[in-house]
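# Observations on chain architecture
Residue-level listing of the chains:
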Amino acid sequence: MKVKTMATSGIIAALYVAVTFLIAPFGFTNIQFRLSEMFNHLVVFNKKYIIGVVLGVFISNLLFSELGPIDLVFGVGQSVIALSITILSAKFIQGLYKRMIFNTLVFTFTMFLIAWELNIALGFPFWITWGFVAVGEFAVMAVGIPIMKALNDRLRLDKLI
């Protein structure tokens, strides 16, 4: 791995953790609004961003989650699965906005894994919990689309890593 890729991945992970920390009380319950999830859109620009995003999720869950190891498995696993689906779909979906919308829908749908985790760990009702975490994820990812587009216009995210 190139030094530039490692450094950029480290910065992305650090940003993910910092943004997660700012809203930590709203990022680890059955009603989640984790603003750092908008960084998931980075893989739309370049698949190499998966390293920094997954590392950021891992560190955030390790530091801030009260659920312990189960959150490392489910939380990180959900991110890896959703990011991988988005990366694999890139050759079939043309256009930046279409890929970000697809990414938003993938993350929204795969929140069933987080609902399952919360059901196992805390006894929350699965369907209601899935609805709440999916709505929160959808909101953050949808708000993230124009933000990430603006960042790309300024920073050229496809060339940065």
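Here the structure is shown first, and the text comes after it.
Residues numbered from 1 in each chain as written. Predicted model: local features only at pLDDT ≥ 70, side-chain atom pairs only at ≥ 80, totals over all residues. Heavy atoms only, no water.

### Considering the packing of aromatic side chains
Inspection of every chain in the model, using the stated rule, returns nine aromatic pairs. By the ring-pair criterion, three or more aromatic residues cluster together here, those being Phe109, Phe112, Phe126, Trp127 and Trp130. (Phe/Tyr/Trp six-rings, centres within 6.5 Å; stacked < 30°, edge-to-face > 60°.)

### Here we look at the packing of helix α1 (residues 3–22) against helix α3 (residues 50–64)
Following both chains from N to C, one finds α1 and α3 inclined at 40°, their axes separated by 7 Å at the closest point. With respect to α3, the element α1 is oriented oblique. α1 and α3 meet at a crossing whose hand is right-handed. Every residue of α3 that contacts α1 at Ser9, Ile12, Ala13, Tyr16, Val17, Thr20 and Phe21 is listed here: Ile51, Gly52, Val53, Leu55, Gly56, Val57, Ile59, Ser60, Leu63 and Phe64. Residues that form the contact of α1 with α3 fall into these classes: 12 nonpolar, five polar and no charged. (Axes fitted to C-alpha atoms, helices over the stretch in contact; angles between N-to-C directions. Helix = DSSP H or I, 4+ residues; strand = E, 2+ residues; numbered from the N terminus. Parallel < 35°, antiparallel > 145°, perpendicular 65-115°, else oblique. Left-handed = near helix turned anticlockwise from the far one by under 90°. Contact = heavy atoms within 4.5 Å. Nonpolar A, V, L, I, M, F, W, Y, C, P; charged D, E, K, R; others polar.)

### Here we look at the nonpolar core
Counting 23 residues, the largest nonpolar core has Leu42, Tyr49, Val53 and Leu83 as the members making the most contacts within it. For this core, the elements supplying multiple residues, two or more each, are α1, α2 (42–45), α3, α4 (69–89), α5 (96–109) and α7 (126–155). Setting aside chain neighbours within four positions, we find Leu83 in contact with Asn40, Val43, Ile50, Val53, Val54 and Phe107. Residues Met111, Ala115, Val133 and Ala134 belong to the second largest nonpolar core, which totals seven residues. (Core = buried A, V, L, I, M, F, W, Y, C linked by side-chain atoms within 4.5 Å. Buried < 20%, exposed > 50% of the residue type's maximum accessible area, 1.4 Å probe, protein only.)

### A few points about the packing of α4 against helix α6 (residues 112–122)
Interaxial distance between α4 and α6 falls to 9 Å at its minimum, and their mutual angle equals 170°. Classed by the angle they form, the pair α4 and α6 counts as roughly antiparallel. Residue-level contacts link Ile70, Asp71, Phe74, Gly75, Gln78 and Ile81 of α4 to Leu113, Ile114, Trp116, Glu117, Ile120 and Ala121 of α6. Across the contact of α4 with α6, the residue classes break down as eight nonpolar, two polar and two charged.

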